[in-house]
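Fold and contact review
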Amino acid sequence: MYQLIPVTHPCLDTKQPLLLLQSDHGEKYFFGRIGEGTQRACNESKIKFGKLNGIFLTGEMDYSCIGGLPGLILTASDQGKKNVSIFYGSSILDYVVSTWRYFVFRFGLDLKVFTLKDSECFADKTVSVKSIVINKPGDGCADSGSYEKFTKGLKSIIARMFPEVSPTDEQDPSSNPTLNVDIPPQAMGPRDLTSSYEISFPSIRGKFNANEAQRLQIPKGKLYAELARGNNITLEDGTVINPEQVLSATRTYGKVLVLDIPSNAYISQFCDRFKDYPLEQLSAIYYFLGDDVTITNDLFNFMDIFHGDHIQHFVSHSKISPNSLAYENAATATLKLKALQNDNYNVPITDRVYSKEFFECFSKDLPEGTSVVQQQEDSPVSKLNNDNVHIFEKMKGIALEPFVFGKEVMPISESQLATSKPSSTIDELYNNHVVPLEIDGASLESIVHEQLHINNFDNDSKDSEIEIISLGTGSALPSKYRNVISTLIKIPFVESNGNITKRTIILDAGENTLGTIHRTIPDTDIPKLFRNLRMIYLSHLHADHHLGIASLIKEWYKFNENTNERLYVITPWQYNIFLQEWFALEDPKILSRIEYISCEHLKYGDDLRLQTKPLSIKEEITSVDEKPTVVELDNASGNRDQSTIKKMMNDLRIMSFRTCPAIHCNWAYSNSITFFLGAKSKQVFKVSYSGDTRPNFNLFAKGIGKNSDLLIHEATLENELKAEAIKKKHSTINEAIKISNVMNARKLLLTHFSQRYPKVPNTKNSIVSKAKEVCFAFDGMIVTYNDLGKQQDKVDLLSRIFIEEEKDAENEEVKD
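By convention here, each chain's residues receive numbers from 1 onward along its written sequence. At least 70 in pLDDT is required for a residue's local features to be given in this predicted model, at least 80 for side-chain atom pairs to be given and counted, and no such filter applies to totals for whole chains, interfaces and linings, which use all residues. Side-chain numbers come from the whole structure's heavy atoms, not from hydrogens or water.

It is worth spelling out the pairing of strand 23 (residues 500–509) at this point. Put simply, side chains in a regular strand alternate between the two faces of the sheet. The buried label applies to any residue whose accessible area, calculated with a 1.4 Å probe on protein chains only, is under 20% of its type's maximum; exposed applies above 50%, and partly exposed to all values in between. Strands here mean DSSP runs of E at least two residues long; helices mean DSSP runs of H or I at least four residues long; both are numbered from the N terminus. Of all 10 residues in strand 23, 8 are buried; the element is thus mostly enclosed. A pair of strands is labelled paired if DSSP reports no fewer than 2 bridges between them. The pairing of strand 22 (residues 486–494) with strand 23 spans 9 bridges and is classified as antiparallel. Looking across to strand 23, one finds that lysine 490 is bridged to threonine 504. In this antiparallel pair of consecutive strands, strand 22 and strand 23, the connection spans 5 residues, and glycine 498 shows a positive phi of 95°. Sheet topology note: the strand 23/strand 24 (residues 533–537) ladder contains 4 bridges and is parallel. Directly across from isoleucine 506, in strand 24, lies its bridge partner isoleucine 536.

Next comes the structure, spelled out in structure tokens:
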């Protein structure tokens, strides 16, 4: 038996569809898009990667479809996986993986990147996968074939990112000068296409009938074995015996199609490709529809090609799949915290506008209280049996069983992972997990129903308030309770005419930061948030701090394309190279709207560290032979970009912006920014952010951050784990407090906690903080600067409400 189980579906947490194929023996294959949040969804469903034999990417190549792939690869390696194979219909995948070279690195992991061109096949003992590549109609990007000369160089880069043997130098790609290679846009390969797949399975030979063999007087031994292998034999008297005489009928499995249609532009090509497709052995079709596909008769006419009562249809689309909670544990934690501090959290958003055409055409029940959108005037029709059309939804899968073709009905049954459970609603989560806590003054009505669609961030009553949202508060990897790090700060500015201008900045943005924003902030307020976003800052090149930045930039551009605004992106210099290479692939227009500044150019002092000059990709090819590589320093990089820095200071009304080296990894920084608060006021607001670091007293606490109004400092480990903090170059809670005390910070926000802590970390043996107020960050926490200390009255309750999560974490630790 084979199971086909959706791992993610289009919702606000995970915006892309991903299908898991799993055999009875545990071999796993992914088909679909590895969007941001995939590894967290796998963690939520307890999907391990030990027997992951292949990742088959579908659709077009853009960041929304592969943003979760780097994190998933790193997680698979951390789980002990020694080899990972990725497949796509174009060699552009080599280019994509190479763009990660400054921040994705694992020794001992054999990463293979395969191009499966149209009709090419991959096969092992478990499955056979045939590639279906359909080109986008229109001018597109001409495939001149010039990219092929770069293939060897790209493969060499990937090999250096994933070396077989542990290197002797620091295990940090940003410190490996041979990875600083200039990759030209011509190396991309074909990109205006979509990848889909046909999956088939080995047949099962019939059982050997020993009684019939004896009746036919076949001697036991080698002849039995030949017949069992499906070969004819000849007896001594010349009689020819064929396998069908002694074997029961061969059983087979139905085929499966995974079809990814990114937009309406592809539908006619899909119709032409499949108009004569044989349907007899087809059991199931998965339609992965992009947001740009409109649900109309054009789509239904294509689906009608696959009519047949034995074929099951599963449809994924943002107006069809439910906006259910992919991370129920995180949503439950938010509801518990909201019950304690109602104004500091939003109810997780589960609204969705559904397709009227789909739900009417196939007689599907709409979720109660939802709204629909109509995309064509007349009522759509389809030849398909309504009972054979299903909504693609997480963990609602099927099982394929073998059958005798032509004699038996193709068997398909419902299936789901043993570790999975039906999705819960907000009301169910509240009643099951919050009500038993008996929190004073909290009720389903007051905490959920009265707060639906209420945005506690940047509402009219907080126009002039400095506000912080902790979009992610964990470290290293996303967990059930904490996503990886990201902090958003809104700093208002009072103009000379009394109007208020908002300046929003984001400090680090781990994977799926955008998903958290969409799950937290109502749709009607999303445009305002991104129009006010003026700066994204990256402290260092570790993946848990930046895998969400590209998505944020795309979203910013979506709401600012027709404005004159610029987005300031302050990062280590290597990350700018990634952005240049990535948006050259996806949308070069975005690059013209980014104002990039190197963290090094904002560093306090005159001793600027020089970048290295990039090698040409031809030099990278020759370095495969391990010839010494001559690396030159780029002297021009030692000149601060004063014009862009001055422009940023003026545009964002910044008085001072300084960075200093963090004590963590190569090219890591802490920062301190002082904002003017009004045109007619001398009042300023100084915020300092540690990034990841050991305690940095001289440069940070006594230096650039002295007398900060707000210090946001990592507190990865509890006080008794200081030895581990030293080893991993992080800070304990006590060490963060010491930095705050030396800095003379007015208020302290602690974040970036180890993922072992769903609750408030243990503060036993903590030293006294001199800060006026101290606050522990939780995912989704919305707090004004003035109200930061109100959490202190709730600390004891915060520990009590997470008892069940603590028990769950302990049980999982025992199992591991």
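Moving on, we get to unusual backbone geometry. Residue aspartate 458 is not a glycine yet carries a positive backbone phi of 50°. Locating aspartate 458 in the fold gives a position in the loop between helix 13 (444–447) and strand 21 (467–472). Phi is positive for alanine 476, close to 70°, though the residue is something other than glycine. Residue position: alanine 476 is located in the loop between strand 21 and strand 22.

Hydrogen bonds between backbone groups are what pair the strands of a sheet, and the pairing can be parallel or antiparallel. Taken in spatial order, the 6 strands line up as 30-31-32-33-34-35 in an open sheet, and their pairing is mixed. Two strands in the sheet have a free side with no partner beyond their single neighbour: strand 30 (654–661) and strand 35 (773–776). Along the sheet, successive strands turn relative to each other by an average axial angle of 15°, direction set aside. Note: strand 33 (residues 710–714) against strand 34 (residues 747–751), 5 bridges, orientation parallel. Residue pairing across strands places glutamate 714 opposite threonine 751, the latter belonging to strand 34. Helix 23 (residues 733–743) rests against strand 32 (684–689), strand 33 and strand 34 of the sheet, and its axis sits at about 155° to strand 33. Throughout, an axis means a line fitted to C-alpha atoms (over the contacting stretch in the case of helices), and angles, computed between N-to-C directions, take values from 0 to 180 degrees. Residues count as neighbours in contact if any of their non-hydrogen atoms are within 4.5 Å of one another.

A pair of Phe, Tyr and Trp rings is counted when the ring centres sit within 6.5 Å of each other, with Trp represented by its six-membered ring. The angle between the planes then sorts it: under 30 degrees is stacked, over 60 is edge-to-face, the rest tilted. Applying the stated rule across the entire model yields 40 aromatic pairs. Plain terms: the ring middles of tyrosine 2 and phenylalanine 201 are 4.3 Å apart, the flat faces sit at 35° to each other, and that makes the pair tilted. With tyrosine 2 in strand 1 (residues 2–8) and phenylalanine 201 in the loop between strand 10 (193–200) and helix 6 (210–215), this pair connects stretches of sequence that are 199 residues apart. Taking the relative accessible area as the measure of exposure, phenylalanine 201 reaches 8% and is therefore buried. Following the ring pairs from residue to residue traces out a cluster consisting of Phe31, Phe56, Phe87, Phe114, Phe122 and Tyr197. By definition, being over a ring means that NZ of Lys or CZ of Arg is both within 6 Å of the ring centre and within 35 degrees of the ring normal. Arginine 40 extends its terminal NZ or CZ atom over the ring of tyrosine 327, reaching a point 4.5 Å from the ring centre. Between the NZ or CZ atom of arginine 609 and the centre of the ring of tryptophan 667, over which it lies, the distance is 3.9 Å.

Let's shift gears to the pattern of salt bridges. A side chain of one charge can pair with a side chain of the opposite charge when the charged atoms of the two come close. Salt bridges are defined as contacts in which a side-chain nitrogen from Lys or Arg sits within 4 Å of a carboxyl oxygen from Asp or Glu. On inspection of all chains with the given rule, the structure shows 32 salt bridges. For lysine 155, the salt bridge is made with aspartate 94, and the minimal N-O distance between the two is 3.0 Å. Residue lysine 155 is found in helix 5 (residues 151–161), and its partner aspartate 94 is found in helix 4 (residues 92–98); the two are separated by 61 residues along the sequence. Take lysine 155: its relative accessible area is 34%, and that puts it in the partly exposed class. On the basis of relative accessibility, which here comes to 3%, the residue aspartate 94 falls in the buried class. Residue lysine 790 pairs with aspartate 787 through a salt bridge whose shortest N-O separation is 3.6 Å. The class of aspartate 787 is partly exposed, set by a relative accessible area of 30%.

Tracing the chain through its elements places glutamate 735 in helix 23. Take glutamate 735: its relative accessible area is 6%, and that puts it in the buried class. What qualifies as a polar contact is a pair of N or O atoms within 3.5 Å, subject to a donor-acceptor requirement within protein and to the restriction that residues adjacent in sequence count only when both atoms come from side chains. Here threonine 732 takes part through its backbone nitrogen, which lies 2.9 Å from a polar atom of the side chain of glutamate 735. In this structure, glutamate 735 is in contact with Arg694, Pro695, Lys722, Ala725 and His730, ignoring residues within four places of it in sequence.

The next thing to look at is the pairing of strand 10. Most of strand 10 sits inside the fold, with 8 of its 8 residues counted as buried. In strand 10, alternate side chains face the same way, and those of Leu193, Ser195, Tyr197 and Ile199 on one face and Thr194, Ser196, Glu198 and Ser200 on the other are all buried. The pairing of strand 8 (residues 128–135) with strand 10 spans 8 bridges and is classified as antiparallel. The residue of strand 10 that forms the bridge with serine 128 is serine 200. Note that strand 10 and strand 13 (residues 255–263) share 3 bridges and pair antiparallel. If you follow tyrosine 197 over to strand 13, its bridge partner there is valine 258.

Our focus in this paragraph is the UniProt feature "domain: tRNase Z endonuclease" (unreviewed entry) in the chain. UniProt positions are given in the numbering used here, feature names are shortened, and annotations may be inferred rather than shown by experiment. Under the present numbering, the feature "domain: tRNase Z endonuclease" (unreviewed entry) in UniProt falls on residues 7–68. Spanning residues 7–68, this segment combines 18% helix with 31% strand, and its end C-alpha atoms are found 13 Å apart.

Below, the discussion takes up the environment of isoleucine 577. Assignment of secondary structure puts isoleucine 577 in helix 17 (residues 573–586). Classification of isoleucine 577 as partly exposed rests on a relative accessible area of 23%. For the pair formed by isoleucine 577 and tyrosine 102, sequence separation is 475 residues and the distance between their alpha carbons is 9.0 Å.

Reading across the sheet, the 7 strands line up as 26-25-24-23-22-21-36 and stay open at both edges, with mixed pairing between neighbours. In this open sheet, the two strands that pair with only one neighbour each are strand 26 (594–598) and strand 36 (781–784). The average angle at which neighbouring strand axes cross in this sheet is 20°, direction not considered. Pairing of strand 25 (residues 567–571) with strand 26 involves 5 bridges; the strand directions are parallel. In the strand pairing of strand 26, isoleucine 570 is matched with isoleucine 597. On top of the sheet, helix 16 (residues 549–560) reaches strand 23, strand 24, strand 25 and strand 26; it is set at about 165° to strand 24, its chief contact. This element, helix 20 (residues 642–651), spans strand 24, strand 25 and strand 26 of the sheet and lies at about 115° to strand 26.

This next bit is on the nonpolar core. By nonpolar core we mean a set of buried residues, namely Ala, Val, Leu, Ile, Met, Phe, Trp, Tyr and Cys, connected to one another through side-chain atoms within 4.5 Å. Judged by nonpolar contacts, the single largest core of 87 residues is most densely connected at Phe30, Ile55, Leu57, Trp100 and Ile553. Residue contributions to this core peak at 7 residues, all from helix 17. Judged by nonpolar contacts, the second largest core, of 79 residues, contains Leu335, Leu444, Ile570 and Ile712.

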